[in-house]
Amino acid sequence: MKKLSVLSLILIFVCIGCHYDSFWSDVVYVTNETSHNVKYIKNSYSSDYNINIELPYGQKTQIDESDQPGEGIPPIFGSFIFDDTLTLKYSVNDTFAKNIYRNYEIEKRVDTKCNHVYYYYYTLTEEDYQNALQQNQR
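The structure presented is a predicted model; accordingly, all values stated were derived computationally and were not measured.

## Details of the overall build of the protein
Next up, step 1: Counting secondary structure elements, the protein contains 2 helices and 8 strands.
Next up, step 2: Put simply, the protein runs from its N terminus to its C terminus through helices and strands in the order α-β-β-β-β-β-β-β-β-α.
Next up, step 3: Counting all 138 residues of the protein, 38% fall into the buried class.
Next up, step 4: Here the analysis covers contacts within the protein between residues at least 6 apart in sequence; of these, 66% occur between residues at least 24 apart.
Next up, step 5: Surface accessibility of the protein: about 8800 Å² in total, with carbon and sulfur atoms responsible for 54%.

Okay, here's the thing in C-alpha cells:
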C-alpha cells in the first residue's frame, strides 16, 4: 500500500510538472509566388531594430516564430515590402478576401506531452500585391 501511495505521488508530480512547463510555439513560413522582389520586415519587440528577411521566388522561408499558444497566425505581425517601395501590413480586421490571417494552412502540428508546435504556411500571390497597392492608396 505504501509503494502504491509513493508511486501515485510521483505520477501526480510528473503530470503537474509537465502541465506547468508545457512549451507552445508557432512557426510561420511564406512562399513568394509573385513576380516581385519581396522582403518581410519582422517587427522586433524592441523598437530599436527590425529584422529583414528576403523572400526569394518559389522558396519556402521561415519568417516568424513565437512562443504563444497556437491559435492561428500571431497577431503581432510584420510587413511585406514589394520591390523596396510598396508595403503590405495585414491585420486581423482587414477586409481583403486574401489575408494571411484567414488564408494560411496548418502545414504540420507537433504535439507531445509537454511540447506543442504549430507550423503555419502562407503563399504570397499577385492578389497580395494588389492588396498592397490598394492599402497604399488609403
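## Here's the deal with the pattern of salt bridges
A pair can form between side chains of opposite charge whenever their charged atoms are brought close.
Next up, step 1: For the coordinates displayed, the defined rule picks out 3 salt bridges.
Next up, step 2: For Lys42, the salt bridge is made with Asp64, and the minimal N-O distance between the two is 3.6 Å. Here the residue Lys42 occupies a position in strand β2 (residues 38–43), and Asp64 occupies one in strand β4 (residues 60–66), the gap between them amounting to 22 residues.
Next up, step 3: Looking at Asp64, the relative accessible area reads 7%, which means it is buried.
Next up, step 4: The shortest N-O distance in the salt bridge between Lys98 and Asp128 comes to 2.7 Å. Here Lys98, found in the loop between β6 (86–88) and β7 (105–111), pairs with Asp128, found in helix α2 (residues 126–136); they are 30 residues apart in sequence, far enough to count as distant.

## Notes on the packing of aromatic side chains
Next up, step 1: Following the criterion strictly, the structure yields 5 aromatic pairs and no others.
Next up, step 2: Plain terms: the ring middles of Tyr90 and Phe96 are 6.1 Å apart, the flat faces sit at 75 degrees to each other, and that makes the pair edge-to-face.
Next up, step 3: Pairwise contacts between aromatic rings join Tyr104, Tyr118 and Tyr120 into one cluster.
Next up, step 4: Over the aromatic face of Tyr29 sits the side chain of Lys60, whose NZ or CZ is 4.8 Å from the ring centroid.

## A closer look at the pairing of strand β5 (residues 79–82)
Next up, step 1: Side-chain alternation along β5 places Ser79 and Ile81 on one buried face and Phe80 and Phe82 on a second face that is also buried.
Next up, step 2: Here β2 pairs with β5 via 4 bridges, running antiparallel. By the bridge assignment for β5, Tyr40 is matched with Phe80.
Next up, step 3: Relative to β6, β5 runs antiparallel, the two being bridged by 3 bridges. Pairing of Phe80 across the sheet is with Leu88, part of β6.
Next up, step 4: What sits between the antiparallel neighbours β5 and β6 is a turn of 3 residues, in which Asp83 has the positive phi angle 50 degrees.

Calculation criteria
Residues numbered from 1 in each chain as written. Predicted model: local features only at pLDDT ≥ 70, side-chain atom pairs only at ≥ 80, totals over all residues. Heavy atoms only, no water. Helix = DSSP H or I, 4+ residues; strand = E, 2+ residues; numbered from the N terminus. Buried < 20%, exposed > 50% of the residue type's maximum accessible area, 1.4 Å probe, protein only. Contact = heavy atoms within 4.5 Å. Areas by Shrake-Rupley, 256 points an atom, 1.4 Å probe, with all protein chains shown as cover. Salt bridge = Lys/Arg side-chain N within 4 Å of Asp/Glu carboxyl O. Phe/Tyr/Trp six-rings, centres within 6.5 Å; stacked < 30°, edge-to-face > 60°. Lys NZ or Arg CZ within 6 Å of the ring centre and 35° of its normal. Pairing = 2+ DSSP bridges.

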